[in-house]
Amino acid sequence: MGDSGVAVRLEKISKRLGWTWALREIGLEVERGSSVVLIGPNGAGKTTLLRLVATLLKPTAGTGEVLGSSLQGDADTIRRRTGLLSARGHLYGDLNALENLRFAAWMSGVSVDEASVRAALAKVGLDHVSEQRAREYSSGMQKRLAFATLLMRRLDLVLLDEPYASLDADGIRMVDEFVDEWRAEGGTVLLATHRRGLAVRKADRVAVLQAGRLHRYCRPDELEPADLDPQPVLPAG
Amino acid sequence: MKSSLALRTWAILWKDLLIELRTKQSFSAMVFFAALVLFLFGFAIGPDSATLARLGGGLLWIAIAFTGMLSLGRTFQSEEVAGGLDGLRMYPGEIRAIYLGKLLTNFSMLVVLEIVLVPVAVVLLQLEPWGRFPLFVGITLLGTFGFSVIGTFYASLTQHLRARELMLPLLLFPALVPVFLGAVNGTTLALAGDPLDRIGGWIRLLISFDIIFFVVCIWIFPLVLEE
Amino acid sequence: MTINDLPRPNPGRAKLLGAATLLLFAAGSAAGLFLVPADALQGEVQRLLYVHVPAAWLAMLSFFVVFVMSVLYLIQRDPKWDLLAVSAAEIGIVFTALALVLGSLWGKPTWGVWWTWDPRLTTTAIMLMIYVGYLVVRSFADDPEKRARWSAIIGIVGFVDVPIVYLSVLWWRTLHQPPSSPRSMAGEFVYVLLLNVAAFTLLYIFLMVRRYRLAIAERHVEELRLTRDDGRIT
């Protein structure tokens, strides 16, 4: 196991949150080394899908495999090789960059020496502000620091939830570079965003979610204009 | 695997204590609140020093319980500010490290609070803990640990509830009756010098409670965080 | 699992059970009120015992049922265990309160006070608070799965706590006075008491059946009210 060409395989996955079905019968395959972008309006189920792949949510129905391990049974193996970057990055504002990284390394079982932490920090260009508290960072810097927590670990799959949120042009370029670099090293990327125009540039495949269902799963050039803007047009003013 | 549990527990304790250290305001406010409660007891009961000293053990523990409730309510605050528990849950390895780490954080915070509060109580309530001081300290630590064991557990359970500020004490105080009885009576006996040598029963009660609920809570904890 | 898959009790049999309960209850009350003579020492007030003891028994039985259903729910995740647990908890709270009130009514003429810090009485009151907490948590959780899981956990931890509470209160009180213990009773008293315990137990089963049906109906209404009207639930 683990050597099959599929990083994520979901079969008829449904997830009920409270009284609503957040996901309905999702079937999806993500090839190893590829990048798949989930698009869809807010509330379409993008975050739920990422959290489900990350084993943070248990599916209500259906089966799934991530990196060759079953979603139901082998959450720990999946977590060992999967990183999730949520919109807020899970950084502690009152800790500085070094401390945030050290904590992430301890928690993920990576052996830490000062040098490797500093190396990860240098890789994202934050070594000059390593003693500054994370809450004083700009959102771009916070995103860099969050990426650094992933870079320290040997991961096969990264899940990025709204990575472009509140970033300027530089920040967006930085996210793109991260995705490119990750894939150059053979990693798989699953990225969710409602900023469709930005997203499809980095995608091998695009999955369009609407109201919890997989509306379309295709190459970016096969998307129809309606897929890119599935929201109803609101009257101006 | 065991070392990973210990390491991750330590990491959470280190992280949370560091954050508390950097945001001292909330802890200082807690200490002042506890001292204020002691003052209110003085006003409610009157200045008669013999009465205050006789009730000292109970008053001290009511102050600890009320202030501890505020402290427990903040158990997951650092995670909420960072974007929720997903960050911790996403790390591989034993999920119980979250419970253990938060438990030790709450316990340490309460112990620090008590280090400040006990001298204040000694002065205000005119207590005389020095006669059986190791016993006094031991009872206080056992009681505080029992309080943290159940408190951290119920704080995890209520963190996503509406009206959790209300729900935490509502669940916690009835469950804590044995700890409260053990700690208050043990402390009172220790303060009185335990002339009849009756303190052993309370110590055994506290130890049993601590062990039973430590085992039950740590065993059930993964179900609390499930989603 | 949808709500329609839940097993429902047979209404015909429930009616039969209700009739049997009523009969046994009438017999038990008649025996307790008229058949046996009043207690030589306590007088008429002693007859309260024939309801007080069965009520306390039902309280214990209910919370044991809550515990068992909670464990079953956490193992199997079948909503029926959750609905049975909440049914048992509500019935248990009613009978705990009844036992407290009856104990208090009995205590006033006997001990001269409405309330005394007797270990059994105190533990009963704490038990009431633990299970009221159980119900309040349920009312504050909207998601049926979380509500069931969280309350099941409280049902287990609370049940483990009750005997420890009892021992600690007992310990606390024995430092001051021995706990009140029931005097040995004559044979006829015991039979009447057993008759009433049987009537109450039958009543308990009857109430469980009715309450469980109600829980299913409630769940159904909740589902209809809260399901979004856009076909996102089937």
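Residues numbered from 1 in each chain as written. Chains lettered and ligands numbered in written order. Predicted model: local features only at pLDDT ≥ 70, side-chain atom pairs only at ≥ 80, totals over all residues.

(A) View of the overall build of chain C. Within chain C one finds six helices and zero strands. The N-to-C order of helical and strand elements in chain C reads α-α-α-α-α-α. Taken over 234 residues, chain C has a buried fraction of 34%. Contacts in chain C between residues at least 24 apart in sequence constitute 80% of all its contacts with a sequence separation of at least 6. (Helix = DSSP H or I, 4+ residues; strand = E, 2+ residues; numbered from the N terminus. Buried ≥ 20, exposed ≤ 12 C-beta atoms within 10 Å, placed from the backbone. Contact = placed C-beta atoms within 7 Å.)

(B) Inspection of the interface of chain B and chain A at higher detail. Each side of the interface is counted separately: chain B has 21 residues, and chain A has 23 residues. Contributions of two or more residues to the side of chain B that touches chain A are made by α1 (2–22), α4 (77–81) and α5 (86–89) of chain B. The element best represented in the side of chain B that touches chain A is α1(B), accounting for eight residues. Taken together, the residues of the side of chain B that touches chain A break down into nine nonpolar, six polar and six charged. (Nonpolar A, V, L, I, M, F, W, Y, C, P; charged D, E, K, R; others polar.)

(C) Representation of the interface of chain C and chain B within the structure. Counting from both sides, the interface comprises 24 residues of chain C and, opposite them, 23 residues of chain B. Counting residues per element, the ones that place at least two in the side of chain C that touches chain B are α4 (119–139) and α5 (144–174) of chain C. The element that contributes the greatest number of residues to the side of chain C that touches chain B is α5(C), accounting for 15 residues. A class-by-class count of the residues in the side of chain C that touches chain B yields 19 nonpolar, three polar and two charged.

(D) A look at the packing of helix α5 (residues 139–151) of chain A against helix α6 (residues 169–184) of chain A. Residue and element names in this part refer to chain A. The geometry of α5 relative to α6 is characterised by a closest axis approach of 9 Å and an angle of 15 degrees between their N-to-C directions. With respect to α6, the axis of α5 lies roughly parallel. The element α5 and its partner α6 pack so that their crossing is left-handed. Each of Ser-139, Gly-140, Lys-143, Arg-144 and Phe-147 in α5 lies in contact with α6, whose residues at this interface are Asp-170, Gly-171, Met-174, Val-175 and Phe-178. Grouping the constituent residues of the contact of α5 with α6 by class yields four nonpolar, three polar and three charged. (Axes fitted to C-alpha atoms, helices over the stretch in contact; angles between N-to-C directions. Parallel < 35°, antiparallel > 145°, perpendicular 65-115°, else oblique. Left-handed = near helix turned anticlockwise from the far one by under 90°.)

(E) Representation of helix α8 (residues 164–175) of chain B within the structure. End to end, α8(B) covers 16 Å across twelve residues, agreeing with the expected 16 Å (1.5 Å per residue, within 8%). By the burial criterion, the buried members of α8(B) are Met167(B), Leu168(B), Leu171(B), Leu172(B), Pro174(B) and Ala175(B). The elements touched by buried residues of α8(B) are α3 (49–73), α7 (133–158) and α9 (177–191) of chain B together with α4 and α5 of chain C. (Expected span 1.5 Å × (residues − 1).)

(F) Local environment of the sheet that holds strand β7 (residues 157–161) of chain A. Residues and elements named next belong to chain A. Within the open sheet, the six strands sit side by side as β6-β7-β8-β3-β9-β10. Their pairing is mixed. Looking at the sheet topology across the chains shown, the edges are occupied by β6 (82–85) and β10 (213–218). Neighbour-to-neighbour, the strand axes of the sheet open up by a mean angle of 15 degrees, direction not taken into account. Looking at chain direction, strand β3 (residues 35–39) and strand β9 (residues 205–210) are connected through four bridges and run parallel. Looking at β9, one finds that Val-36 is bridged to Arg-205. (Pairing = 2+ DSSP bridges.)

(G) Examining the sheet that holds strand β2 (residues 20–31) of chain A more closely. Residues and elements named next belong to chain A. Strand order across the open sheet formed by four strands is β2-β1-β4-β5, with antiparallel pairing between neighbours. Both outer strands of the open sheet, β2 and β5 (69–70), are each paired with one neighbouring strand and no more. Pairing between strand β4 (residues 61–66) and β5: two bridges, direction antiparallel. Residue Val-66 lies in a different strand from β5, and its bridge partner there is Ser-69. Each of β1 (6–17), β2 and β4 is contacted by helix α1 (residues 46–53), which is oriented at about 120 degrees to β1, the strand it contacts most.

(H) Layout of the pairing of strand β8 (residues 188–193) of chain A. Residue and element names in this part refer to chain A. Most of β8 sits inside the fold, with six of its six residues counted as buried. Burial along β8 is two-sided: Thr-188, Leu-190 and Ala-192 and Val-189, Leu-191 and Thr-193, pointing in opposite directions, are all buried. The parallel pair β7 and β8, bridged by α6, forms a crossover whose chirality is right-handed. (Right-handed = clockwise from strand over helix to strand, strands pointing away.)

(I) Summary view of the environment of Leu125(B). Considering the arrangement of structural elements, one finds Leu125(B) in the loop between α6 (96–124) and α7. Residues Leu125(B) and Phe39(B), spaced 86 residues apart in sequence, show a C-alpha to C-alpha distance of 9.1 Å.

(J) Representation of the pairing of β1(A) in the model. One ladder, built from eight bridges, connects β1(A) with β2(A); its direction is antiparallel. What sits directly across from Val6(A), in β2(A), is Glu31(A).

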